[in-house]
Amino acid sequence: MSETPLIADLGTKEEAPLSGARIGVVTFPGTLDDRDAARAVRLAGGTPVALWHADETLGDVDAVVLPGGFSYGDYLRAGAIARFAPLMSKIVDAAKSDAKLPVLGICNGFQILTESHLLPGSMVKNDHLKFICRDQVLRVENAETAWTNQFEAGQEITVVLKNQDGQYVADEKTLDELEGEGRVAFRYVGWNPNGSRRGIAGITNAAGNVVGLMPHPEHAVEPGFAPLDGDTGAYSTDGLGFFTSVLNQLVGGAK
Amino acid sequence: MPRIVVDVMPKPEILDPQGKAIVGALPRLGFTAFSGVRQGKRFELTVEGPVTDEVLEQARNAATTMLSNPVIEDVVNVEVLAEDAEDTAAAGAAAAGAEA
């Protein structure tokens, strides 16, 4: 892979106490948001590790982020080809293992997780057929997962939504199971921006280590470059909670 | 060379936004006879050599594991393209003639 650093040099900063936690960020051909995801990891206090889709081994990482973008140009189906990348089989195995590797799939990463069958359901085109980019309020429905434990159940957060194939679909039985088992992690608030079944924006697996969502928490992590909170008009850094959650889980912290 | 066709359609219960957009646009061009459109995908798999049962089985497996997503799509057809069988026969005859 190239030697370009994943994030900018932010100058001398005090070493964060959690910087020992290594969060892998996977780049596929067509991935767009790997650098923002790596930056979010760094801002949350962890150490981002660049992973390449063709790598045969996962290496020494404590968690993995599958970032957004258009892997393989969304050809075939969004996420369908990336799913067969050599590194993905390692990630799937590690996520299902006793070690329960925490995996967060954002947007295209969520699509890859459903194509990999780590999460149920699938995404189809937005019901209005348009690409949509907006600040989006979500309700945290499950605040117990590896990626949401720094939120409160019912908390409303503002992050960025930007996608074309964002309509979450699954059969009624699967949807009932997700609801019954508390595996709906996030729901759209105020407006369903893509026709997702039951307003679902993100889900988790039963173990809570694999979470996928269509909106982009990594774009809401620092003032000046983040969406505005609808109520206060202040910059929303709510997305940081995803990354501090996994760091908290990795060090065995209490909720 | 022979080709195998794989047809994939969105499941009936899945809303097909593209089909919906098309059926909305058809009457604007005067095509008023159609009350519904569903848009699917057609894949053509080229085979080097004859299409054996094993090759066809591979195509069926590829169709269900990669070319379609069973959550949202159905494989509605897997078949060998008929005209290609003739092409291959003609090509074979030509090759045989050249050798003779």
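Up top is the structure.
Below, the structure is looked at part by part. (Residues numbered from 1 in each chain as written. Chains lettered and ligands numbered in written order. Predicted model: local features only at pLDDT ≥ 70, side-chain atom pairs only at ≥ 80, totals over all residues.)

**Considerations on the overall build of chain B**
Across its full length, chain B holds three helices and three strands. Here chain B holds 100 residues, and the buried ones make up 15% of them. The contacts of chain B with a sequence gap of at least 6 include a subset with a gap of at least 24, amounting to 74%. (Helix = DSSP H or I, 4+ residues; strand = E, 2+ residues; numbered from the N terminus. Buried ≥ 20, exposed ≤ 12 C-beta atoms within 10 Å, placed from the backbone. Contact = placed C-beta atoms within 7 Å.)

**With respect to the sheet that holds strand β3 (residues 63–66) of chain A**
Residues and elements named next belong to chain A. Strand order across the open sheet formed by nine strands is β2-β1-β3-β4-β11-β10-β9-β6-β7, with mixed pairing between neighbours. Looking at which strands have only one partner, the edges of the open sheet turn out to be β2 (47–52) and β7 (156–163). Averaged over all pairs of adjacent strands, the angle between their axes in this sheet comes to 25°, without regard to strand direction. Where strand β1 (residues 22–27) meets β3, three bridges bridge the pair, whose relative direction is parallel. By the bridge assignment, I23 is partnered in β3 with A63. (Pairing = 2+ DSSP bridges. Axes fitted to C-alpha atoms, helices over the stretch in contact; angles between N-to-C directions.)

**Regarding the environment of A:I132**
Residues and elements named next belong to chain A. Its location among the elements puts I132 in strand β6 (residues 132–140). Sequence separation between I132 and N194 is 62 residues, and the spatial gap between their C-alpha atoms is 8.4 Å. Setting aside its immediate chain neighbours within four residues, I132 contacts N126, L161, K162, N163, P193 and N194.

**Description of the sheet that holds strand β2 (residues 41–46) of chain B**
Residue and element names in this part refer to chain B. Reading across the sheet, the three strands line up as β2-β1-β3 and stay open at both edges, with antiparallel pairing between neighbours. Strand pairing shows two members of the sheet lacking a second neighbour, β2 and β3 (73–80), which therefore form its edges. Strand-to-strand twist in this sheet, taken as the mean axis angle between neighbours without regard to direction, amounts to 20°. With six bridges connecting them, strand β1 (residues 3–10) and β2 associate as antiparallel partners. Residue pairing in the sheet places V8 in a bridge with K41 of β2. Where helix α2 (residues 53–67) meets the sheet, it contacts β1, β2 and β3, and its direction lies at approximately 30° from that of β1.

**Observations concerning the pairing of β2(A)**
Residues and elements named next belong to chain A. With six bridges connecting them, β1 and β2 associate as parallel partners. Within the sheet, the bridge partner assigned to R22 lies in β2 and is T47. Read from β1 through helix α1 (residues 34–44) to β2, the crossover connection turns out right-handed. (Right-handed = clockwise from strand over helix to strand, strands pointing away.)

**Here's the deal with helix α5 (residues 240–250) of chain A**
Residues and elements named next belong to chain A. Of all eleven residues in α5, ten are buried, a share of seventy percent or more. Those residues of α5 lying buried are L240, G241, F242, F243, T244, S245, V246, L247, N248 and Q249. Where α5 is buried, its residues contact β1, α1, β3 and β4 (103–106). Of the residues flanking the end of α5, it is G252, one or two places downstream, whose phi is positive at about 70°.

**Thoughts on unusual backbone geometry**
Residues and elements named next belong to chain A. The backbone of L76 shows a phi angle near 70°, a positive value even though the residue is not glycine. Structurally, the position occupied by L76 is in the loop between β3 and α2 (86–96). Even without glycine at this site, K100 takes up a positive phi of about 50°. Looking at where K100 falls in the secondary structure, it is placed in the loop between α2 and β4. Taking the C-beta count within 10 Å as the criterion, K100 has 16 such neighbours and is therefore assigned partly exposed.

**Observations concerning the interface of chain A and chain B**
Residue-level contacts link eleven residues of chain A with eight residues of chain B. Taken together, the residues of the side of chain A that touches chain B sort by class into five nonpolar, two polar and four charged. (Nonpolar A, V, L, I, M, F, W, Y, C, P; charged D, E, K, R; others polar.)

**Structural notes on the nonpolar core**
Most often, soluble globular proteins keep nonpolar side chains buried together rather than apart. Ranked by size, the top nonpolar core spans 74 residues in total, and within it A:I23, A:V25 and A:V64 carry the most contacts. Looking at which element gives the most residues to this core, the answer is α1(A), with six residues. Ignoring anything within four residues of it in the chain, the contact list for A:V25 reads A:D34, A:A37, A:A38, A:V41, A:P48, A:V49, A:A50, A:L51, A:V65 and A:P67. Listed in part, the eight residues of the second largest apolar core include B:V51, B:A59, B:A63 and B:L67. (Core = buried A, V, L, I, M, F, W, Y, C linked by C-beta atoms within 7 Å.)

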